[in-house]
Amino acid sequence: MGHELTAEEKYHLITRNLQEVLGEDKLKAILNERELKIYWGTATTGKPHIAYFVPMSKIADFLKAGCEVTILFADLHAYLDNMKAPWELLELRTQYYENVIKAMLESIGVPLEKLTFIRGTDYQLSKEYTLDVYRLSSVVTQHDAKKAGAEVVKQVEHPLLSGLLYPGLQALDEEYLKVDAQFGGVDQRKIFTFAEKYLPSLGYAKRIHLMNPMVPGLTGSKMSSSEEESKIDLLDRKEDVKKKLKKAFCEPGNVENNGVLSFIKHVLFPLRSEFVILRDEKWGGNKTYTDYEDLEKEFAEQAVHPGDLKNSVEVALNKLLEPVRQKFNNPQMKKLASCAYPDPSKAKPAAKIPQKNSDPEEVVPSRVDLRIGKVLSVDKHPDADTLYVEKIDVGEPEPRTVVSGLVQFVKQEELQDRLVVVVCNMRPQKMRGIESQAMLLCAASTGEPCQIEPLDPPAGSCPGERVFVEGYESGQADEELKPKKKVFEKLQADFLISEDLVAQWKGKAFMTKLGKLTCKTLKGGTIR
């Protein structure tokens, strides 16, 4: 017989690598008496990606600690969240989630028979649950409902009532699933505190809440289903995994917002209790780490090269993904995947009456590949007095060369190590013999003499982080902006700086995941 865990050992397993626990005393009290009942829910919206291995590895911890674990496929929530899952695709996406998440759990050695799987619509349409939704709506304010869903429900200018219902349904799930605790990402915190506030008003107990940190994506920001370059899909081929990891943000010595390191910490170490850096003998050969802090320390000291780190993660990740790929490598599963997530490019376009001189391509800001960049060096152009050559990190393996005249307006030393905004899909062009591979976006005054200021990204931004216009978060950037089509020039005509110094396009803010882009002084200016 194996060693029976003490309450303290169970507590350690349940809480390791979590960012926050609400209700620690209650958790310890339950563990001293019986096994913990816990649930994790996932709305069946965008395709699950490798970040889903983070909650999967915690579910493995919960089972090792003897917890009774329920996994909720929140199909109704997926529809309520601004209709991220259209009604006609809801059943197919729920089937996809069930199959892919079970394949992930099997991949990491979690016995499925120890888990309970349930769909939201199995109980959320019952008379009792519906009455409780009405009871809850009679005590919850619109302000509290909107605030609770701010980090989870898609935020739009004119929110639908369905998004306001979302937090209340998630709170009621705790009661109807008869659990002691709910587990989720720290982005769910406002919903968790909402549940703690309002469930007692219906006569139901306040639950424990366990929160994972948000793991950075490959670009350094949150890994997102709607942000293609930030994630690796669970069904990506080996060559796709290699390509995406090669582009991943992994600056030498930088352990902040490093998605590659975070994946090792939150998935690979908990599952394997070690991690092996694979490298050539001439660079010291393979090295096994049994403590994540040692690996992070050596990476910070640049004793571990980003290339070796990425290659080692690639090997370990492909071992995790192979059983998932195999499960979906049959006609039935392939059909499910293609039907649940139809390729938008293959959708039949609605018949349109041709119009003379009509532009077949919509000119929208998501077509421009805007990113946060970090200026690594600034040097005078050898053949032009007014031009300078900057090397800018835009979250790729190699920095890009940008030729600009910005140093005429900003001191050279002030640009060094500064975060800037860069257009990354303009066609490269030679400027006095040096190829400029991207373009800086700056605020400019409208009067004389002309004043120029670099745009300021939100605090905490990282190189490679995507910049988007509010309301155009999910669009796909063109691979290259064709000069003849003048997409950028047409959009640029509506770029401006608002009276409160926010960069905007047609009144909508330029943003990153962390907030709005601003400039220091040029109210009413343009952006060029």
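Analysis parameters
Residues numbered from 1 in each chain as written. Predicted model: local features only at pLDDT ≥ 70, side-chain atom pairs only at ≥ 80, totals over all residues. Heavy atoms only, no water. Helix = DSSP H or I, 4+ residues; strand = E, 2+ residues; numbered from the N terminus. Rg over C-alpha atoms; globule rule 2.2 N^0.38 Å. Buried < 20%, exposed > 50% of the residue type's maximum accessible area, 1.4 Å probe, protein only. Contact = heavy atoms within 4.5 Å. Pairing = 2+ DSSP bridges. pLDDT = per-residue confidence, 0-100. Core = buried A, V, L, I, M, F, W, Y, C linked by side-chain atoms within 4.5 Å. Domains from an automatic or database assignment. Axes fitted to C-alpha atoms, helices over the stretch in contact; angles between N-to-C directions. Phe/Tyr/Trp six-rings, centres within 6.5 Å; stacked < 30°, edge-to-face > 60°. Expected span 1.5 Å × (residues − 1). Bend = angle between axes of the 7 residues up to and from the residue. Left-handed = near helix turned anticlockwise from the far one by under 90°. Nonpolar A, V, L, I, M, F, W, Y, C, P; charged D, E, K, R; others polar. Buried area = accessible area lost by both parts, 1.4 Å probe. Polar contact = N/O pair within 3.5 Å; in protein donor to acceptor, adjacent residues only side chain to side chain. Arc of directions from axis to C-beta. Salt bridge = Lys/Arg side-chain N within 4 Å of Asp/Glu carboxyl O.

K.L.:
Account for the overall build of the protein chain, with residues named and values stated.
P.N.:
On a plain count of helices and strands, the protein chain comes out with 16 helices and 22 strands. The C-alpha radius of gyration computed for the protein chain amounts to 25 Å, which stays within 12% of the reference 24 Å derived for 528 residues, consistent with globular compactness. Once the C-alpha set of the protein chain is aligned to its principal axes, its extents read approximately 75 × 65 × 50 Å. By residue count, 52% of the 528 residues in the protein chain fall in the buried class. Considering only contacts in the protein chain between residues 6 or more positions apart, those separated by 24 or more positions represent 71%.

K.L.:
With reference to specific residues and values, describe the pairing of strand 11 (residues 400–404).
P.N.:
For strand 11, the buried fraction is high: five of the five residues fall into the buried class. Neither face of strand 11 is left uncovered, since the one carrying R400, V402 and S404 and the one carrying T401 and V403 both have all their residues buried. Taken together, the five bridges between strand 10 (residues 388–393) and strand 11 define a ladder with antiparallel strand orientation. Bridge pairing links V389 to V403 in strand 11. Counting the residues between successive antiparallel strands, the hairpin from strand 10 to strand 11 contains six residues, one of them, G395, with a positive phi of roughly 85°.

K.L.:
Give a detailed account of the confidence of the model for the protein chain, specifying residues and quantitative values.
P.N.:
Within the protein chain, residue pLDDT values average 86, and 91% of them lie at 70 or more. The low-confidence segment residues 350–360 (pLDDT under 50) makes one contact with residues lying over four places distant or belonging to another chain.

K.L.:
Lay out the nonpolar core with the relevant residues and their values.
P.N.:
L36, F53, I59, L210, L295 and L309 are the most contacted members of the largest nonpolar core, which totals 75 residues. Here this core takes eight residues from helix 11 (residues 259–272), the largest share from any one element. For this core, the domains that each give at least three residues are domain 1 (7–212) and domain 2 (238–340).

K.L.:
Break down the sheet that holds strand 6 (residues 208–212) for me, with residues and values.
P.N.:
Strand order in the open sheet formed by six strands is 1-6-5-2-3-4, with mixed pairing between adjacent strands. One side of each edge strand has no neighbouring strand; the edge strands of this open sheet are strand 1 (20–22) and strand 4 (115–119). Mean inter-strand twist for the sheet, computed between neighbouring axes without regard to direction, equals 20°. Together, strand 2 (37–43), strand 3 (68–74) and strand 4 form the strand contacts of helix 5 (residues 87–107), whose direction differs from that of strand 4 by roughly 165°.

K.L.:
Kindly report on the packing of aromatic side chains, identifying the contributing residues and their values.
P.N.:
If you walk through the whole model with that rule in mind, you get 12 aromatic pairs. Relative to Y198, the ring of F194 has its centre 4.9 Å away and its plane inclined at 50°; by these criteria the two rings are tilted. With a gap of four residues between them, F194 and Y198 both fall in helix 9 (residues 189–198), about one helical turn apart. In terms of burial, F194 and Y198 fall into one category: buried. Ring-pair connections join several aromatic residues into one group, and the members of that group are Y96, F328 and Y341.

K.L.:
Account for helix 13 (residues 306–327), naming residues and giving values.
P.N.:
Taking 1.5 Å per residue, 22 residues should reach 32 Å; helix 13 reaches 32 Å between its end C-alpha atoms and fits that length. The largest bend in helix 13 comes to about 35°, at L321, with the proline P323 one to four residues further on.

K.L.:
Account for the packing of helix 8 (residues 161–176) against helix 9, with residues named and values stated.
P.N.:
Running from amino to carboxyl end, helix 8 crosses helix 9 at an angle of 65°, the nearest separation of the two axes being 9 Å. Of the two elements, helix 8 crosses helix 9, and the hand of that crossing is right-handed. Every residue of helix 9 that contacts helix 8 at Y166, P167, G168, Q170, A171 and E174 is listed here: I191, F192, F194 and A195. Grouping the amino acids of the contact of helix 8 with helix 9 by side-chain chemistry returns seven nonpolar, two polar and one charged.

K.L.:
Outline the domain arrangement of the protein chain, supporting the account with residue identities and numerical values.
P.N.:
Taken as a whole, the protein chain is organised into domain 1 (7–212), domain 2 (238–340) and domain 3 (365–527). Between the C-alpha centres of domain 1 and domain 2 there is a distance of 28 Å. Facing 20 residues of domain 1, the contacting portion of domain 2 comprises 19 residues. Taking both sides of the interface into account, the surface hidden between domain 1 and domain 2 amounts to around 1800 Å²; carbon and sulfur atoms contribute 70%.

K.L.:
Lay out unusual backbone geometry in plain terms, naming residues and giving numbers.
P.N.:
If you check the backbone angles, K486 has positive phi at about 50° while not being a glycine. Here K486 lies in the loop between strand 17 (466–469) and helix 16 (487–492). Despite not being glycine, K506 has its phi angle at roughly 50°, a positive value. Along the chain, the position of K506 falls in the loop between strand 19 (503–505) and strand 20 (508–512). Residue K506 is classed as exposed on the basis of its relative accessible area of 55%.

K.L.:
Give a detailed account of the environment of Y289, specifying residues and quantitative values.
P.N.:
If you trace the backbone, Y289 turns up in strand 8 (residues 287–289). Distance in space between the C-alpha atoms of Y289 and K380 is 45 Å, their sequence separation being 91 residues. Here the side chain of Y289 touches E298 through a polar contact of 2.6 Å, side chain to side chain.

K.L.:
Lay out helix 6 (residues 127–137) in plain terms, naming residues and giving numbers.
P.N.:
Every buried residue of helix 6 is listed here: Y129, D132, V133 and L136. Buried residues along helix 6 cover an arc of 105° about the axis, so they all sit on one side. In helix 6, the exposed positions angled more than 90 degrees off the buried face are occupied by K127 and Y134. Each element contacted by the buried residues of helix 6 is listed here: helix 8 and helix 9.

K.L.:
Explain the pattern of salt bridges to me, and be specific about the residues and the numbers.
P.N.:
This model, assessed by the stated rule, comprises 27 salt bridges. Note that E35 is salt-bridged to K10, the shortest N-O span being 3.1 Å. Taken as a pair, E35 in the loop between helix 2 (24–33) and strand 2 and K10 in helix 1 (residues 7–15) lie far apart in primary sequence, 25 residues in all. Here D132 and R135 are joined by a salt bridge, their closest N and O atoms 2.7 Å apart. Taken as a pair, D132 and R135 lie in helix 6 at a separation of three residues, close to a single helical turn. The exposure class of D132 is buried, given its relative accessible area of 3%. By relative accessible area, which is 37% here, R135 ends up partly exposed.

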